[in-house]
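This is what each chain is made of:
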Amino acid sequence: MAGINDVLDWAKHQVSSKVPKADLDQRDSDYIREQLPGTWLLASLYFRADVRGLDRIPSEGPVLLVGNHSGGNLPPDTFVFTLAFCSYFGVERPFYQLAHNLVVSAPGLGWLRKFGTVAANHDNARMALESGAALLVYPGGDYEVFRPSWERHQVDFGGRKGYVKLAREAGVPIVPVASVGGQEAALFLDRGQWLARLLMVDKLARLKSVPILLAPPWGLVVSDLIPRLPLPTKIVIEVQEPISAADIADTDDDVINDKVVASLQGGVDRLAAERRFPVLG
């Protein structure tokens, strides 16, 4: 048993050592300014992006944006919201997004760090908020993002509520951000948590799910690490009413978490009621 644990510890270190250290200066406002017109045009045409309620986000200062997460390792909701935020508030306003270690360390995705994407952990999140930035987090992580597509309109953080403590410690408001459409970018069949345990990637790479999905051009796919073409699903995002820093400071985690989830679920339900067909919107 000791030998197996030693091997696991070695492999875990090898994986974690490949994750770039968070450097907020890697966000490049000039790069975003150059890329924004073309990428926003792509989002508007391919995903028919519709982002509402950005005026509900405080116009300056640090804020924790909390969203429901969809679309696997190629989440179009994150892509669309990042472009919308930068277009609305300007590229000079510091804005960061947390992502799984495997995303920020994947070959060919270094450009994400120029848009402000950093590895998802408490230290990086705190550092971003302390710098005065807006920060986008998805508490549901890989548990929510790989949920079966028939549960696409269900907000489920899997019991994770550390973001409330983060907001309280930083003294910042929480703004829920509801989205629909992302989980229709592929047909997600199973989270594959059993497969993650079988392959031990839950211990090696903090990956609790190895999903099973149907996605072009490959058809049936196990894991979501192979580049694929997301279906051109219509993405609709709606920012909900903020929860003030004062309310967060005076209320326990469970109550605030319930309030955030209820706000997101209400927004998702409203947006889902507008959709007539999957993908088409």
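For the structure itself, consult the block above.
Throughout this description, residue numbers start from 1 for each chain and increase along the sequence as written. Selection of residues for local features in this predicted model requires a pLDDT of at least 70, selection of side-chain atom pairs for listing and counting requires 80 or more, and totals for whole chains, interfaces and linings are taken over all residues. Neither water nor hydrogens contribute to the side-chain values; these are computed over all heavy atoms in the structure.

Before going further, it helps to spend a moment on helix 2 (residues 29-46). To qualify as a helix, a DSSP run of H or I must reach at least 4 residues; to qualify as a strand, a run of E must reach at least 2; elements of each kind are numbered from the N terminus. Working rule for helices: expected span equals 1.5 Å times residues minus one. With 18 residues, helix 2 ought to run about 26 Å at 1.5 Å a step, and its terminal C-alpha atoms sit 24 Å apart, in line with that. Here the bend at a residue is taken as the angle between two axes, fitted respectively to the seven residues that end there and the seven that start there. Helix geometry: helix 2 is bent most strongly at Leu36, by close to 45°, with proline Pro37 lying one to four residues after it. Residues of helix 2 that are buried include every one of Tyr31, Ile32, Leu36, Thr39 and Ala43, and no others. Only heavy atoms matter for contacts: two residues are in contact if any of them lie within 4.5 Å across the pair. Residues of helix 2 that are buried in the fold lie against helix 3 (76-89) and helix 5 (111-114). Where helix 2 starts, the residue carrying a side-chain oxygen 3.1 Å from the main-chain nitrogen of Asp30 turns out to be Asp28. One or two residues past the end of helix 2 sits Arg48, with phi positive at roughly 45°. To sort residues, take the accessible area from a 1.4 Å probe on protein chains only and compare it with the maximum for the residue type: under 20% means buried, over 50% means exposed, and anything in between is partly exposed. Two N or O atoms count as a polar contact when they lie within 3.5 Å, although within protein this holds only if one can serve as hydrogen donor and the other as acceptor, and sequence-adjacent residues are included solely when both atoms are side-chain atoms.

To continue, consider the pattern of salt bridges. Salt bridges are defined by distance alone: a side-chain nitrogen of Lys or Arg within 4 Å of a carboxyl oxygen of Asp or Glu. Going through the model one piece at a time under the given rule, you end up with 15 salt bridges. For Glu92, the salt bridge goes to Arg33, with nearest N and O atoms at 2.4 Å. One end of the pair, Glu92, is in the loop between helix 3 and strand 3 (95-99); the other, Arg33, is in helix 2, with 59 residues separating them in the sequence. A relative accessible area of 55% places Glu92 in the exposed class.

With that settled, the discussion passes to the sheet that holds strand 5 (residues 134-137). Strand order across the open sheet formed by seven strands is 1-10-6-2-5-3-4, with mixed pairing between neighbours. Of all strands in the sheet, those with a lone pairing partner are strand 1 (50-52) and strand 4 (117-119), marking the two edges. Looking at each pair of strands side by side, their axes are set apart by 25° on average, direction ignored. The pairing criterion is simple: DSSP has to find at least two bridges between the two strands. Bridge count for strand 6 (residues 174-180) against strand 10 (residues 236-239) is four bridges, and the pairing is antiparallel. Among the inter-strand pairings, Ser179 is bridged to a residue of strand 10, identified as Ile237. The sheet contacts of helix 12 (residues 253-274) involve strand 1, strand 2 (63-67), strand 6 and strand 10, and relative to strand 6 the element is tilted by about 30°. Axes here mean lines fitted to C-alpha atoms, for a helix over just the part in contact, with angles spanning 0 to 180 degrees between N-to-C directions.

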